[in-house]
Amino acid sequence: MANVTTQQLAEIIIGIARAQQAIIEALESQKAGYRGTHLAPALDNAAKSRVTTRPLTLQEFPARVLMQCMGRNGPNIEQLTRDLEALLSGQVVAAPAAPAEGGGESLDMTQKS
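Student: Which parts of the structure should I look at to understand the overall build of the protein?
Tutor: The secondary structure content of the protein amounts to four helices and zero strands. Mapped in sequence order, the helices and strands of the protein form the string α-α-α-α. In the protein, buried positions account for 24% of the 113 residues. Of all intrachain contacts in the protein linking residues separated by at least 6 positions in sequence, the fraction that spans at least 24 positions is 53%. Carbon and sulfur atoms form 54% of the exposed surface of the protein, whose accessible area is close to 8,100 Å².

Shown next as structure tokens:
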């Protein structure tokens, strides 16, 4: 059996997330509003994206990749590879903060600037 690198594993996870995204888009085209009404709350729950006080886990990682695939910019393979490497080695990975559109600063109001 071939040894799979962390980057190859991240690419496989992104591929699976893109396949899931295609299914979501098909559902959205059949029933307008499905994504925002039904899928977004369930996906947020699976990714635990609203819980910012605890670190990311392997169980939440695929749902977060799917959320990135559904975003405007798509997933960042380098960052996903680093996060996956840290998770697989047992290091604590902080939940990513979304940067502001133009400035690159976090929108987290709890942090001092």
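Student: Before we go on, may I ask you to explain a nonpolar patch on the surface in this structure?
Tutor: On the surface, Val4, Leu9, Ile12, Ile16, Leu58 and Leu88 cluster together into a nonpolar patch covering about 520 Å² of accessible area. By secondary structure assignment, the location of Leu88 is in helix H4 (residues 77-89).

Student: In this structure, what is going on with the side chain of Glu60? I would like to understand it.
Tutor: When you line up the elements, Glu60 lands in the loop between helix H2 (34-47) and helix H3 (61-70). When sequence neighbours within four positions are dropped, the list of residues in contact with Glu60 reads Ala46, Ala47, Lys48, Arg54 and Pro55.

Student: Quick question: what am I supposed to make of the nonpolar core here?
Tutor: One recurring pattern in soluble globular proteins: nonpolar side chains tend to sit buried together. In this structure, Phe61 and Val65 are the most contacted members of the largest nonpolar core, which totals 19 residues. Every element with two or more residues in this core is listed here: helix H1 (6-30), H2, H3 and H4. Excluding residues within four positions of it along the chain, Phe61 makes contact with Ile13, Leu56, Leu80, Asp83, Leu84 and Leu87.

Student: Which parts of the structure should I look at to understand the environment of Gln21?
Tutor: Take Gln21: it is sitting in helix H1. On the basis of relative accessibility, which here comes to 16%, the residue Gln21 falls in the buried class. For the pair Gln21 and Met70, spaced 49 residues apart in sequence, the C-alpha separation works out to 6.7 Å.

Student: Would you explain H2 in this entry?
Tutor: Structurally, the α-helix is built with 3.6 residues per turn, so residues lying three or four positions apart point the same way. With 14 residues, H2 should reach 20 Å at 1.5 Å per residue; the first-to-last C-alpha distance of 18 Å fits that figure. Taken together, the buried positions of H2 are occupied by Leu39, Leu43, Asp44 and Ala47. Backbone geometry just downstream of H2 places Lys48 in the positive-phi region, at approximately 50°.

Student: I keep staring at the packing of H3 against H4 and nothing clicks. Help me out?
Tutor: Each packed pair of helices is defined by two parameters, the angle between the axes and the distance between the axes. The geometry of H3 relative to H4 is characterised by a closest axis approach of 12 Å and an angle of 175° between their N-to-C directions. Our classification of the angle between H3 and H4 gives roughly antiparallel. Together, Phe61, Val65 and Gln68 of H3 and Leu80, Asp83, Leu84 and Leu87 of H4 make up the contact between the two elements. Residue composition of the contact of H3 with H4, grouped by class: five nonpolar, one polar and one charged.

Student: Is there a simple way to explain H3 in this structure?
Tutor: Among the residues of H3, those classed as buried are Phe61, Ala63, Arg64, Val65, Leu66 and Cys69. On its buried face, H3 is in contact with H1, H2 and H4.

Student: Can you walk me through the packing of H1 against H3 in this structure?
Tutor: Orientation of H1 relative to H3, taken along the N-to-C sense of each, is 60°, at an axis distance of 9 Å. The orientation of H1 relative to H3 falls into the category oblique. Considering only the axes of H1 and H3, their crossing is right-handed. Residues Ile13, Ile14, Ala17, Arg18, Gln20, Gln21 and Ile24 of H1 form the contact with H3, whose participating residues are Phe61, Pro62, Val65, Leu66, Cys69 and Met70.

Analysis parameters
Residues numbered from 1 in each chain as written. Predicted model: local features only at pLDDT ≥ 70, side-chain atom pairs only at ≥ 80, totals over all residues. Heavy atoms only, no water. Helix = DSSP H or I, 4+ residues; strand = E, 2+ residues; numbered from the N terminus. Buried < 20%, exposed > 50% of the residue type's maximum accessible area, 1.4 Å probe, protein only. Contact = heavy atoms within 4.5 Å. Areas by Shrake-Rupley, 256 points an atom, 1.4 Å probe, with all protein chains shown as cover. Patch = residues over 30% accessible without salt bridge, like charges linked within 9 Å, V, L, I, M, F, W, Y side chains within 5 Å. Salt bridge = Lys/Arg side-chain N within 4 Å of Asp/Glu carboxyl O. Core = buried A, V, L, I, M, F, W, Y, C linked by side-chain atoms within 4.5 Å. Expected span 1.5 Å × (residues − 1). Axes fitted to C-alpha atoms, helices over the stretch in contact; angles between N-to-C directions. Parallel < 35°, antiparallel > 145°, perpendicular 65-115°, else oblique. Nonpolar A, V, L, I, M, F, W, Y, C, P; charged D, E, K, R; others polar. Left-handed = near helix turned anticlockwise from the far one by under 90°.

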